[in-house]
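Listed below, chain by chain, are the residues.
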Amino acid sequence: MLEAYIYDGLRTPFGRHAGGLARVRPDDLLAGVIKEVVARSGFSTDIIDDVAIGCASQAGEDSRNVARHALLLAGLPVETPGSVHNRLCGSGLNALISAAHAITCGEADVCVAGGVESMTRAPFVVGKSEQPFSKTFNVFDSSLGARFPNPKIESLFGADTMPETSDNLARDYQLSREECDLFALGSQQKYAKAHKDGFFRSEIKPVSIPQSKGKPDVVVSDDEHPRPDT
């Protein structure tokens, strides 16, 4: 039987691509959440056994163990370990399950688990040449899709993007455009009501972004992705 319990949860607002959070590094975003959720929990920082973080990109500022970097920025002891999990869109949930497994097996008592991602700040990446004096210069966008796609994988399984996959599924399961639009509209309406009722207020940590020339900080406190007036 799973003997692990969630004491508290916290997140930043969800930002749009190149939106209000575009200037904030992902490790800084994560550090702010870790610091606040640990403070709210009442647990001493020296009893945290592990920090497990999901991250799908890991190509830029979130590379080289973003969990470890963020926990240090959050003020946790240098003795605290951190691990990064990649199951693409399921990475954060995978980290949470990993922490639950460790607690259930008696390998840990208290863990911090979550996820971080900034598609806006995911860099373009360049592969190294395989030949001397080569002028080959292949650039990939690390925010979506495979960074360096394997032709064998593409030939065997395809290279469909998320939009292409959704189109394939709509055809396979005979989902009409009207049905999809109605579902999307209902989702927007439910979010609008929940936001108006203050449902998300306790789970969101506002992010303060310093400005230049003595201007006051810009505070991002609400999710940017919904369109509640749809």
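Residues numbered from 1 in each chain as written. Predicted model: local features only at pLDDT ≥ 70, side-chain atom pairs only at ≥ 80, totals over all residues. Heavy atoms only, no water.

Trainee: If you had to explain the overall build of the protein chain to someone new, which residues and values would you point to?
Mentor: Scanning the protein chain from terminus to terminus reveals six helices and seven strands. Mapped in sequence order, the helices and strands of the protein chain form the string α-β-α-β-α-β-β-β-α-α-α-β-β. If one aligns the C-alpha atoms of the protein chain with their principal axes, the spans along those axes are about 55 × 55 × 50 Å. Expressed as a percentage of the 230 residues in the protein chain, the buried residues total 27%. Pairs at least 24 residues apart make up 66% of the contacts formed inside the protein chain by residues separated by at least 6 positions. Only carbon and sulfur atoms are counted for the fraction: they give 55% of the accessible area of the protein chain, which is about 15,800 Å². Positive and negative charge centroids in the protein chain, built from 24 and 31 side chains respectively, lie 7 Å apart. (Helix = DSSP H or I, 4+ residues; strand = E, 2+ residues; numbered from the N terminus. Buried < 20%, exposed > 50% of the residue type's maximum accessible area, 1.4 Å probe, protein only. Contact = heavy atoms within 4.5 Å. Areas by Shrake-Rupley, 256 points an atom, 1.4 Å probe, with all protein chains shown as cover. Lys, Arg positive; Asp, Glu negative; His and termini not counted. Charge placed at Lys NZ, Arg CZ, Asp CG, Glu CD.)

Trainee: Tell me what's going on with the pattern of salt bridges, and back it up with residues and numbers.
Mentor: It is possible for side chains bearing opposite charge to pair when their charged atoms get close. According to the stated counting rule, one finds nine salt bridges in the structure shown. Between Glu-61 and Arg-25 there is a salt bridge, and its shortest N-O distance comes to 3.9 Å. With a gap of 36 residues between them, Glu-61 in the loop between strand 1 (50-54) and helix 2 (66-73) and Arg-25 in the segment before helix 1 (26-41) connect regions that are remote in the sequence. In this structure, Arg-171 engages Asp-167 in a salt bridge whose closest nitrogen and oxygen atoms are separated by 3.0 Å. Highlighted residues: Arg-171 and Asp-167, both in helix 5 (residues 162-172), separated by four residues, approximately one helical turn. Residue Asp-167 is classed as partly exposed on the basis of its relative accessible area, which comes to 36%. Here the salt bridges do not stand alone but share partners, grouping Arg-25, Asp-27, Glu-61 and Arg-121 into one network. (Salt bridge = Lys/Arg side-chain N within 4 Å of Asp/Glu carboxyl O.)

Trainee: Explain the side chain of His-85 to me, using residue names and the numbers behind them.
Mentor: Mapped onto the elements, His-85 comes out in strand 2 (residues 82-85). At 3.2 Å, the side chain of His-85 and the side chain of Ser-83 are in polar contact. Leave out the neighbours within four places in its chain, and His-85 touches Ala-52, Ile-53, Gly-54, Cys-55, Gln-58, Ser-91, Asn-94, Ala-95 and Ser-98. (Polar contact = N/O pair within 3.5 Å; in protein donor to acceptor, adjacent residues only side chain to side chain.)

Trainee: Now, about empty space enclosed by the protein: what can you tell me, with residues and values included?
Mentor: Counted according to the given criterion, the structure contains one cavity of 30 Å³ or more. Computed from the structure, the largest cavity encloses a volume of approximately 40 Å³. Lining of the largest cavity is provided by Pro-26, Ser-57, Gly-60, Glu-61, Asp-62, Ser-118, Arg-121, Ala-122 and Pro-123. Here the lining of the largest cavity is composed, by residue class, of three nonpolar, three polar and three charged. (1 Å grid on protein atoms, 1.4 Å probe; cavity = no way out; pocket = protein on both sides within 12 Å on 5 of 7 lines; lining within 4 Å. Points joined across faces, edges and corners; volume = space filled by probe spheres on them. Nonpolar A, V, L, I, M, F, W, Y, C, P; charged D, E, K, R; others polar.)

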